[in-house]
Amino acid sequence: MEVFCFGSGSEGNAFLVRTQRTSILIDAGLAATTLRRLLRSIGVGDHELTAIVVTHEHHDHVRGLAGLLRWQSCPVVTTAGTDAVLRLGSARRLTVRYQHWLEIGDLALYPVPVPHDAREPFGLRLATCHAETALFTDLGTVTDEVLAALSRANLIVLEANHDRDLLWRGPYPKWLKRRIASPAGHLSNDQAAYALAHLSGSPRTIWLAHLSQQNNDPRLALATVRARFGSPCPHQLDVLPQAGMVYRWNFASSQYRLTRDSDQG
């Protein structure tokens, strides 16, 4: 299993999970032309995606979806609630249900419900017989189901959206601050750290995702999480960029490398 991050944040979210036979795009929140270029840069050409999974209907997760479907003929996989909002017309669709496995090629997907202010949002467990990834980028509360998914994963992608002090002292209007900090909004650094502190067993790779440009700082997010683990941190821990880099994780080596977006051709 390989996992690529093309971007994570309010400017757009997109991940690719790939095995030898299957390539699944998780969310399409970047411009369609950018997604096409990035996919081609890692060897996924037009009409070569196996599926596009949409976790919810917010703009930073679906911005490039309609345009990308001009170059990809694969089905769009989402919940019935999200599908009703997207109104994809003639596009092929597969509907997933919370906490039911769906096999796509040699990948198995398990949608986990998350508290977020969207129609029927979910995070994901993505599994092969050798590895498992947990991907949760938009949620206001860490539920028992989310904790269970994190505990099984080799690679964890978890939101650390904001620092609470920066949020409440920042420039956003009060209604937006309340929405972000609500149980159906976004995770703070403290909430992400608390959830990750429940991990036990072997070291994992952890990517902190969906950091706010206004209300967070990568160094602050890392410090908050590392403080929960103590020193030295047993896990490989990093922050995903808003854009400009492609992160790639390979289960076979349990390592990842970074490639600048500008180097992608």
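Before any of the text, the structure's been laid out above.
The structure displayed is predicted, hence computed values, not measured ones.

Engineer: Tell me what's going on with the nonpolar core, and back it up with residues and numbers.
Structural biologist: F136, L150, I156, L158, L196, I206 and L208 are the most contacted members of the largest nonpolar core, which totals 28 residues. If you list the elements that add at least two residues to this core, you get β8 (107-113), β10 (132-136), α5 (144-152), β11 (155-159), α8 (189-196), β12 (205-209), α9 (218-229) and β13 (236-239). The contacts of L208, once residues within four sequence positions are left out, are L158, A160, L196, A221, L222, V225, L237, D238, V239 and L240. By size, the runner-up hydrophobic cluster in this structure holds 27 residues, among which are V3, V96, A209 and W249.

Engineer: Go over the pairing of β11 with me, naming the residues and quoting the values.
Structural biologist: Most of β11 is tucked away, with five of its five residues classed as buried. Relative to β11, β10 runs parallel, the two sharing four bridges. Following the sheet pairing, L135 is matched in β11 by V157. Taken together, β10, α5 and β11 form a β-α-β motif whose crossover is right-handed. Across five bridges, the pairing between β11 and β12 is parallel. Bridging from a neighbouring strand, L158 pairs with L208 of β12.

Engineer: Help me get a handle on the packing of aromatic side chains, residues and values and all.
Structural biologist: The geometry of an aromatic ring pair comes down to the distance between the two centres and the angle between the two planes. By the definition in use, this model includes three aromatic pairs. Each ring, one from W101 and one from Y110, has its centre 4.8 Å from the other, and the planes form 45°; the classification is tilted. With a centroid separation of 5.6 Å and an interplanar angle of 85°, the aromatic rings of W207 and Y247 are classed as edge-to-face. On the criterion of sequence distance, the pair formed by W207 in strand β12 and Y247 in strand β14 (residues 245-250) is long-range, its members being 40 residues apart.

Engineer: Explain the pattern of salt bridges to me, using residue names and the numbers behind them.
Structural biologist: Tallied over the entire structure, the rule returns nine salt bridges. Between R36 and D46 there is a salt bridge, and its shortest N-O distance comes to 2.6 Å. Taken together, the residues R36 in helix α1 (residues 32-41) and D46 in the loop between α1 and β4 (51-53) connect sequence positions ten residues apart. For R36, a relative accessible area of 24% puts it in the partly exposed group. Here R125 and E132 are joined by a salt bridge, their closest N and O atoms 2.5 Å apart. Of the two residues, R125 and E132, both sit in the buried class.

Engineer: So what's going on with the pairing of strand β9 (residues 122-127)? Which residues, and what values?
Structural biologist: Within β9, six of the six residues are buried, which leaves the element mostly enclosed by the surrounding structure. By the alternation rule, side chains of β9 split into F122, L124 and L126 and G123, R125 and A127, which are all buried. Bridging between β8 and β9 involves six bridges; their strand directions are antiparallel. Paired with A108 across the strands is A127, a residue of β9.

Engineer: Mind laying out the packing of α8 against α9, listing which residues take part and the relevant values?
Structural biologist: Axis separation between α8 and α9 bottoms out at 9 Å; the angle between their running directions is 35°. Considering how the two elements wind past one another, α8 and α9 form a crossing that is right-handed. Along the contact surface, α8 presents N189, D190, A193, Y194 and L196, while α9 presents L220, A221, T224, V225, R228 and F229. Of the residues belonging to the contact of α8 with α9, the class tally is seven nonpolar, two polar and two charged.

Reading the values: rules and limits
- Residues numbered from 1 in each chain as written.
- Predicted model: local features only at pLDDT ≥ 70, side-chain atom pairs only at ≥ 80, totals over all residues.
- Heavy atoms only, no water.
- Core = buried A, V, L, I, M, F, W, Y, C linked by side-chain atoms within 4.5 Å.
- Buried < 20%, exposed > 50% of the residue type's maximum accessible area, 1.4 Å probe, protein only.
- Helix = DSSP H or I, 4+ residues; strand = E, 2+ residues; numbered from the N terminus.
- Contact = heavy atoms within 4.5 Å.
- Pairing = 2+ DSSP bridges.
- Right-handed = clockwise from strand over helix to strand, strands pointing away.
- Phe/Tyr/Trp six-rings, centres within 6.5 Å; stacked < 30°, edge-to-face > 60°.
- Salt bridge = Lys/Arg side-chain N within 4 Å of Asp/Glu carboxyl O.
- Axes fitted to C-alpha atoms, helices over the stretch in contact; angles between N-to-C directions.
- Left-handed = near helix turned anticlockwise from the far one by under 90°.
- Nonpolar A, V, L, I, M, F, W, Y, C, P; charged D, E, K, R; others polar.

This is a description of form; function is not addressed.
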